Amino acid sequence: MAIRINIPTPMRQHTENQAAVEASGGTVQELLDNLGKKFPGVAGRLFENGQVRRFVNVYLNDEDIRYLDNLNTAVKDGDEVSIIPAVAGG
């Protein structure tokens, strides 16, 4: 099962400059793990100590996974995942 993952501009250098890639998995965790295997540079940008980095937001079909089942959220064909770095500043 292939799921579309939207890649933010700062991470595209790790995905051969692709704005969207496909990966497979039954949960968001499996999906992102498989993405990291395909594009190793992405894993370091996404995870810290096995968790999604504090300033990285992951959305499944426009829903923040933190308000679903976090990394254990199930995914299915046709779903779309977006990786969105948080913007900070003043």
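Look a little higher up for the structure.
None of the values given here were measured: they were computed from a predicted structure.

A. Main features of the pairing of strand β5 (residues 56-60). Burial runs high along β5: 4 of the 5 residues are buried. Bridge analysis of β5 against strand β7 (residues 80-85) gives 5 bridges, and the strand direction is antiparallel. Bridge assignment links Tyr 59 to a residue of β7, and that residue is Ser 82. Sheet topology places β5 next to strand β6 (residues 63-64); 2 bridges connect them, and they run antiparallel. Across the sheet, Leu 60 pairs through a bridge with Glu 63, a residue of β6. Counted between consecutive antiparallel strands, the loop separating β5 from β6 contains 2 residues, among which Asn 61 sits at a positive phi close to 50 degrees.

B. The arrangement of helix α1 (residues 28-38) in detail. Within α1, burial applies to Val 28, Leu 31, Leu 32, Leu 35 and Gly 36. The buried residues of α1 occupy an angular sector of 135 degrees when projected down its axis, which confines them to one face. Along its buried surface, α1 packs onto β1 (2-6), β2 (20-24), α2 (40-46), β3 (47-48), β5 and β7.

C. Region of the structure containing the sheet that holds β6. As summarised here, the arrangement of the 5 strands in space is β2-β1-β7-β5-β6, forming an open sheet in which the pairing is mixed. The sheet is open, and its two edges are formed by β2 and β6, each paired on a single side. Packed onto the sheet, α1 meets β1, β2, β5 and β7 and runs at close to 115 degrees relative to β2.

D. Structural view of the nonpolar core. Ile 5, Leu 32, Leu 35, Leu 46 and Ile 83 are the most contacted members of the largest nonpolar core, which has 22 residues in total. Counting only elements with at least two residues in this core, the list comes to β1, β2, α1, α2, β5 and β7. With 4 residues, the top contributor of residues to this core is α1.

E. View of the pairing of β7. Strand direction decides the pairing type here: β1 and β7, joined by 3 bridges, are parallel. Looking at β7, one finds that Asn 6 is bridged to Ser 82.

F. Structural context of the side chain of Asp 64. Residue position: Asp 64 is located in strand β6. Classification of Asp 64 by relative accessible area gives buried; the value is 8%. A polar side-chain atom of Asp 64 sits 2.5 Å from a polar atom in the side chain of Arg 66. Residues contacting Asp 64, with those up to four places away along its chain left out, are Val 58 and Tyr 59.

Cut-offs used in this document
Residues numbered from 1 in each chain as written. Predicted model: local features only at pLDDT ≥ 70, side-chain atom pairs only at ≥ 80, totals over all residues. Heavy atoms only, no water. Buried < 20%, exposed > 50% of the residue type's maximum accessible area, 1.4 Å probe, protein only. Helix = DSSP H or I, 4+ residues; strand = E, 2+ residues; numbered from the N terminus. Pairing = 2+ DSSP bridges. Arc of directions from axis to C-beta. Contact = heavy atoms within 4.5 Å. Axes fitted to C-alpha atoms, helices over the stretch in contact; angles between N-to-C directions. Core = buried A, V, L, I, M, F, W, Y, C linked by side-chain atoms within 4.5 Å. Polar contact = N/O pair within 3.5 Å; in protein donor to acceptor, adjacent residues only side chain to side chain.

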